[in-house]
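Commentary on secondary and tertiary structure
These are the residues of each chain, in order.
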Protein chains: 2
Amino acid sequence: ITSSSSPMDPPPKFIDFPHLSISTKNLMVDLVSKTENTLSPNLLPSSLPPEVQYFQNSSATSQGCLHIRSGTNNSQVDCVLGNWIHCELPNGGALDITTLTAYLNSNTDAPRFLIEFIQNSPKSLILILDLPPRKDVVMNPEYLKTFYEETQLDESRKKLLELSEIRSYISASLYLRALSSPTAISVTIDCGESGGAARLEEIIRDHVGPIAKDMLEVWLNQCVCTERGVDESEKVELMKRDVLIKKKTVEVDLASSLPRLFGQDVANLVIEAISKAFDIL
Amino acid sequence: ITSSSSPMDPPPKFIDFPHLSISTKNLMVDLVSKTENTLSPNLLPSSLPPEVQYFQNSSATSQGCLHIRSGTNNSQVDCVLGNWIHCELPNGGALDITTLTAYLNSNTDAPRFLIEFIQNSPKSLILILDLPPRKDVVMNPEYLKTFYEETQLDESRKKLLELSEIRSYISASLYLRALSSPTAISVTIDCGESGGAARLEEIIRDHVGPIAKDMLEVWLNQCVCTERGVDESEKVELMKRDVLIKKKTVEVDLASSLPRLFGQDVANLVIEAISKAFDIL
């Protein structure tokens, strides 16, 4: 899972995923390619400066890549955002966080897409896979029906939880919990007791992979590529909600951890690049 | 857990909980008494007709009690609603559902209170214990902070889940999932493998009891008895949300199951009494 590198090597690219196991890497490459290929007429080229495309701390024990494609003005895509960080831990292990998330703009109220792997052992990881809603589903039962009941998303969650290695995972942040859909897949996959890293590879390839690809398919077909007929007052509400979610996500997810892992200067650059793409500066 | 009864006995009262085990019964009596004693200046006497205070199906294999106290006009209490049903199952067992829930009115936006036991074996049960929010917490991070972070409610959830007999439980209804707070306790307690009914009694008495009483304390002190200064436009929003939640709760929770268990006529009477108290007729 670790890669050796010399100062002369060119820095890794986002899509290289140099620290992931084969199954997770293959899956992430598939998801990113499928997303970008399908949405390519709606995506602008990346305009990130090189120093945030790849970044590291002063001792190079923490490394990261950021990848952002904003949507064109006439599309429903706000931006596709991918990133990974790899941090060597004092105990000899490493922490790897790998994320692909896609935001839509206020031309539609359809859900976002999110997949995240959080891994600090070759034998176990945390997986978040969800279409986070962009409306209060309590006040909008039709929305719940359209995007979560009729899409049968809960069947995938249940199927994963049938595996003995998989348990529900509940995030420490109450705000991140609140952002999840009612069918969110939020699980730990722990093969420490049986099968180890090889079994984890198998679970990612044979179980997580098909489910993640199905969910992306639902998102591409029924969320991005469907007209929802959002009126002007709804657009204002959606924008308010999206901006607040982006601000809180940066605050909860990044502003608390990046400075610790990369130092304040590098963290500032990364957070600024994301905030700019999010249009929340 | 079962009680023998003859046709000459007076029908059981809500507070009798004649089919519950000692620990669960003691806890429910404590919670109901504490709630009604604390709120008594704000509660009107029950005005339910006798045929819904106690009801049964034609063969008396299903029995139920309903108990509703509405709040006075100048209070923040909308209504306190308790009910239990006891249904003999074809396999010889029984299903017991026992609920205490308290709704606030639009003078405050503070959360509701909810405890529910769903039990179909002496060795295991499902427990729901929550202060369900009355606002979209995604759009109201301050609300999340006040009622869920600063009250430390998540600590109780974590403490319960440390017991090996306790696992997260996820409701089959996506709408009921969406109604939960981010700190909702929604768990199965299963002592089938170790300790059986005696261990379940112990867990209810020593672990669930203190946590449920603490949560009720938080609700009574920080939700019912605190002024929140809700303005007129917020009141309109709260009323809209509360009415929708009540309608959906009746639809998801009662309208689908009561007719099957009690026949359509009895079910109609019970649903009508609840809808009247909910002011959603």
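What counts and what doesn't
- Residues numbered from 1 in each chain as written.
- Chains lettered and ligands numbered in written order.
- Predicted model: local features only at pLDDT ≥ 70, side-chain atom pairs only at ≥ 80, totals over all residues.
- Heavy atoms only, no water.
- Least-squares fit on C-alpha atoms with pLDDT ≥ 70 in both.
- Contact = heavy atoms within 4.5 Å.
- Helix = DSSP H or I, 4+ residues; strand = E, 2+ residues; numbered from the N terminus.
- Salt bridge = Lys/Arg side-chain N within 4 Å of Asp/Glu carboxyl O.
- Phe/Tyr/Trp six-rings, centres within 6.5 Å; stacked < 30°, edge-to-face > 60°.
- Buried < 20%, exposed > 50% of the residue type's maximum accessible area, 1.4 Å probe, protein only.
- Buried area = accessible area lost by both parts, 1.4 Å probe.
- Polar contact = N/O pair within 3.5 Å; in protein donor to acceptor, adjacent residues only side chain to side chain.
- Pairing = 2+ DSSP bridges.
- Axes fitted to C-alpha atoms, helices over the stretch in contact; angles between N-to-C directions.

1. Thoughts on the relation of the copies chain A and chain B
- Rotating chain A by 180 degrees about the axis while translating it 0.0 Å along that axis superimposes it on chain B, leaving an RMSD of 0.0 Å. Classification of the inter-copy transformation places it as that of a two-fold axis. Measuring from the rotation axis to each C-alpha of chain A, the shortest distance belongs to Asp136(A), at 3.1 Å.
- Both copies present the same face, since 100% of the interface residues in chain A are matched by interface residues at the equivalent positions in chain B.

2. A few points about the environment of Ala212(A)
Residue and element names in this part refer to chain A.
- Following the sequence through the fold, Ala212 ends up in helix H6 (residues 196-224).
- Once the C-alpha coordinates of Ala212 and Leu114 are considered, the two residues, 98 residues apart in sequence, prove to be 9.7 Å apart.
- Once residues within four sequence positions are removed from consideration, Ala212 is found in contact with Leu27, Leu31, Ile115 and Leu129.

3. What about the pattern of salt bridges?
- Inspection of the entire model under this criterion finds 38 salt bridges over all chains.
- Note that Arg205(A) is salt-bridged to Asp206(A), the shortest N-O span being 3.0 Å.

4. Some thoughts on the packing of aromatic side chains
- Applying the stated criterion across every chain yields a total of 12 aromatic pairs over all chains.
- Here Tyr143(A) and Tyr148(A) contribute two aromatic rings whose centre-to-centre distance is 6.5 Å and whose plane-to-plane angle is 50 degrees, an arrangement assigned as tilted. Here Tyr143(A) and Tyr148(A) have matching classes, each one buried.
- Measuring from ring centre to ring centre gives 6.0 Å for Phe113(B) and Trp219(B), while their planes differ by 45 degrees; the resulting arrangement is tilted. Linking Phe113(B) in strand E5 (residues 113-121) with Trp219(B) in helix H6 (residues 196-224), this pair joins segments that are 106 residues apart in sequence. Both residues of the pair, Phe113(B) and Trp219(B), belong to the buried class.
- Members of the aromatic cluster, connected to one another through ring pairs, are Tyr143(A), Phe147(A) and Tyr148(A).

5. What to know about the interface of chain A and chain B
- Residue-level contacts link 25 residues of chain A with 25 residues of chain B.
- Regarding the contact of chain A and chain B, the summed buried area is about 2,300 Å², with carbon and sulfur atoms giving 69% of it.
- It is Val138(A), Met139(A) and Leu174(A) that lose the most area in chain A upon contact with chain B, and together they represent 28% of the buried surface on that side.
- Our enumeration of links across chain A and chain B arrives at four salt bridges.
- Note that Asp136(B) is salt-bridged to Arg241(A), the shortest N-O span being 3.1 Å.
- Remark: the boundary between chain A and chain B carries eight residue pairs in polar contact (both at pLDDT 80 or more).

6. Examining the pairing of strand E4 (residues 94-104) of chain B
All names here are of chain B.
- Most of E4 is tucked away: 10 of the 11 residues are buried.
- As defined by bridge partners, strand E3 (residues 77-88) adjoins E4 across 11 bridges and the pair is classed as antiparallel. Counterpart to Cys87 in the pairing with E4 is Leu95.
- Taken together, E3 and the strand that follows it, E4, pair antiparallel across an intervening segment of five residues, in which Gly92 is found at a positive phi of about 105 degrees.
- Strand direction decides the pairing type here: E4 and E5, joined by seven bridges, are antiparallel. Within E5, the position partnered with Ile97 by the bridge is Ile118.

7. Structural notes on the sheet that holds E4(B)
Residue and element names in this part refer to chain B.
- Strand order in the open sheet made by the eight strands is E1-E2-E3-E4-E5-E6-E8-E7, with antiparallel pairing throughout. Only two strands of the sheet have a single neighbouring strand rather than two, namely strand E1 (54-56) and strand E7 (166-168). Sheet twist, expressed as the average angle between the axes of neighbouring strands with direction ignored, equals 15 degrees.
- With three bridges joining them, E1 and strand E2 (residues 62-70) adopt antiparallel strand pairing. In the strand pairing of E2, Gln56 is matched with Gln63.
- Lying on the sheet, H6 is in contact with E3, E4, E5, strand E6 (124-130), E7 and strand E8 (185-190); it crosses E6 at an angle near 15 degrees.

Geometry only, nothing functional implied.
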